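# Structural features, examined
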Amino acid sequence: MDKVLIIDFGSQVTQLIARRIREANVYCEIRPYTISLNDIKKFSAKAIILSGGPSSVHDKKSPDVDSTIFDLGLPILGICYGQQLMCKKLGGKVEASDHREFGRAFIHAKENSPLLPESWVVHESQSVQHQVWMSHGDKIIQLPEGFTTLASTESCEFAVIANEEKKLYGTQFHPEVVHTPEGTEFLSNFVHKIAGCSRDWNMHNFLEMEIEKVRKQVGGNNVIAGVSGGVDSTVVAALLHKAIGNQLTCIFVDHGLLRKNEAEQVKDLFSDFHIPLKMVDARQTFLNKLDGVFEPEKKRKIIGSTFIDIFEKEAKRVGGAKFLAQGTLYPDVIESVSVHGTAAVTIKSHHNVGGLPERMEMDLVEPVRELFKDEVRALGRELGLKEDMVKRHPFPGPGLAIRIPGEVTPEKISILQEADAIYIDEIKKAGLYDEIWQAFTVLLPVKSVGVMGDSRTYEYVAALRAVTSTDGMTADYYPFEHDFLSKICNRIINQVRGINRVVYDITSKPPGTIEWE
Ligand code: XMP
């Protein structure tokens, strides 16, 4: 399989480069700039991309890369900082600047090249302007020998440069962001037309490869997987079941903080797939432990450690399992790659089941750790999971406990489950579910006064939340129509006992977070 290596110099959008390359059906990985020349060679890439980054090539400690990579005979594309670094290392000149060019710019091609999008083609020295996105301080003032200019903007002469003979390319704009409309085509041209990568990265091939990999890793040993009903753990379980059959035991700890009917849905799903599932009804244990606890982080800790205790006990009962399966995703692995110093790869604590593998001395099986969320969804489809399941909104490990600010009681859980079910039902009926990253209801710890019929009510307030996002790191509130919100409000107040007021949360992240606790 052809592979592309992306060397990361710390840009906020390096992950997007990887996504675009994979969308072009080519496998790629991101590695920090500290990667050794030896490891670069070992990776056997068919092409290399140097990412952008916040530094100036003139800083003493600016991220660097071994110059030998330019002599490997591989096509290389430098983006922003990557272009400047390439230019400097090959004998060109980069001018330091104390102000940044940020935002939309308009580019025109000067020469034709297989790298440039089709619509950029120069006809009889006439070329049209195209929108690109710039974000840079320093700029190139003199090209290295052998380089020519392929495209320019008004303020940036060397917006795209090339040494076609050596297949070395550089761009000052960011092709990976959506504000560069033809950026995807630009990157696809680089990997296909310039580097000649074949389109062999797809979920069907990945699944076959991964099944082989898992079989090799696990051998004849048993594997335990914790499942939650979410997309990631379900896809992992389905993949492992396909790979190792009854060497896999799935454990589902029902903490009682799930959405309405969710535990039954998980049970049905696993039975449809003939994957044996150990259901552990721990609802009362969790309720007892949460009794009288108000503080969000304390609730999280209690839920985390109770989950681990129960899971560990059940796993021991299964006996003899050497491996623990986890739904770690690629963003969790690369999120913490540090630009300065070592490329420490740490995983978000809630994905690492709170240190469980170490505690139980188990090795990890992580079959989706190279995938982005949308790729996991595609893999789920390849495995035959239903659309309902693969498109399910993310749901936090501590569940409804963090959607009930303050103390969690059985009464509040049940009120929240009912209201949330109505909300999600209406969103699905309106065909909006897939446009929204996450939608849920929060049961506020305040009561408000209302009137119903002739009598006064004094009941809870529900807050509705719906956000769009690409990765959960930033989010915007979803702009529902007012009529739609009124309809949900009426249904909730009429049908759910215990709620007499509904509000809609219009906070973005930042400054808010997606969850309320
Ligand atoms: P916030 O609220 O931080 O959420 O904007 C970002 C994303 O993470 C989810 N989330 C959690 N997931 N355990 C989890 O497994 C947690 O403790 C937790 N807290 C937040 C949240 O639902 C959103 O998708």
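Thresholds, definitions, all that
Residue indices follow the written sequence of each chain, beginning from 1 at its first position. Since the coordinates come from a predicted model, pLDDT governs what is reported: local features require at least 70, and pairs of side-chain atoms require 80 or more to be given and counted, while whole-chain, interface and lining totals use all residues. Calculation of side-chain values draws on the structure's entire complement of heavy atoms; hydrogens and water are dropped beforehand. For each residue, the test is whether any non-hydrogen atom lies within 4 Å of the molecule or strand; if one does, the residue is near. As used in this structure description, the phrase polar contact means that two N or O atoms lie within 3.5 Å; if the pair is within protein, one of them must be able to donate a hydrogen and the other to accept it, and residues adjacent in sequence are counted only when both atoms belong to side chains. Only the protein chains shown count as cover for residues, and all accessible areas are computed by the Shrake-Rupley method using a 1.4 Å probe. Throughout, the ten residues Ala, Val, Leu, Ile, Met, Phe, Trp, Tyr, Cys and Pro are labelled nonpolar, Asp, Glu, Lys and Arg are labelled charged, and all others, Gly among them, are labelled polar. Numbering goes from the N terminus for both helices and strands, where a helix is a DSSP run of H or I of at least four residues and a strand is a run of E of at least two. With a 1.4 Å probe rolled over the protein chains alone, any residue whose accessible area is under 20% of its type maximum counts as buried; one over 50% counts as exposed, and the rest are partly exposed. For this analysis, residues touch if any pair of their heavy atoms sits within 4.5 Å. Aromatic pairs are defined between Phe, Tyr and Trp rings, using the six-membered ring for Trp, whenever the two ring centres lie within 6.5 Å; interplanar angles under 30 degrees are classed as stacked, those over 60 as edge-to-face, and all others as tilted. For a lysine, the NZ atom is tested; for an arginine, the CZ atom; a charge sits over a ring if that atom is within 6 Å of the ring centre and within 35 degrees of the ring normal. Here, strands pair whenever DSSP counts at least two bridges between them. All axes are obtained by fitting lines to C-alpha atoms, using only the stretch in contact for helices, and the reported angles, taken between N-to-C directions, cover 0 to 180 degrees.

What follows concerns the site of the ligand. Within the structure, the ligand sits among eleven residues, and Arg300, Gln438, Lys509, Ile514 and Glu515 are positioned closest to it. One of the side-chain N or O atoms of lysine 509 is found 2.7 Å from an oxygen atom in the ligand. In the environment of the ligand, an oxygen atom lies 2.7 Å from a nitrogen or oxygen atom belonging to the backbone of isoleucine 514. Relative to its free-state accessible area of 490 Å², the ligand is covered by the protein chains to the extent of 78%. Taken together, the residues of the shell around the ligand break down into three nonpolar, five polar and three charged.

Here we take up the side chain of arginine 392. With respect to the helices, strands and loops of the structure, arginine 392 is situated in the loop between helix H13 (387-390) and helix H14 (410-429). A residue is classified by how much of its surface remains accessible, and arginine 392, at 15% relative accessible area, is buried. Here the side chain of arginine 392 touches glycine 229 through a polar contact of 2.9 Å, landing on its backbone oxygen. For arginine 392, the contacting residues outside a window of four places in its chain are Gly229, Val231, Arg259, Glu262, Gln265, Arg377 and Tyr433.

Here the focus is the packing of aromatic side chains. All chains considered together, the criterion is met by 16 aromatic pairs. With centroids separated by 4.8 Å and ring planes inclined at 50°, the aromatic side chains of tyrosine 27 and tryptophan 201 adopt a geometry described as tilted. You can see tyrosine 27 sitting in strand E2 (residues 27-32) and its partner tryptophan 201 sitting in the loop between helix H4 (183-194) and helix H5 (203-218), a full 174 residues away along the chain. Of note, arginine 403 hangs over the ring of phenylalanine 440, and the distance from its end group to the ring centre comes to 3.8 Å.

This part takes up the sheet that holds strand E16 (residues 363-365). Across the sheet, which stays open at both edges, the five strands sit in the order E14-E13-E12-E15-E16 with parallel pairing between neighbours. The two strands at the open ends of the sheet, each matched to only one other strand, are strand E14 (277-281) and E16. Pairs of neighbouring strands in the sheet enclose a mean axial angle of 30°, with direction left out of account. Pairing of strand E15 (residues 321-325) with E16 involves three bridges; the strand directions are parallel. If you follow leucine 324 over to E16, its bridge partner there is leucine 364. Strand contacts of helix H6 (residues 231-244): strand E12 (222-226), strand E13 (248-254), E15 and E16, with the helix running at about 155° to E13, the strand carrying the most contacts. Packed onto the sheet, helix H7 (residues 262-272) meets E13 and E14 and runs at close to 165° relative to E14.

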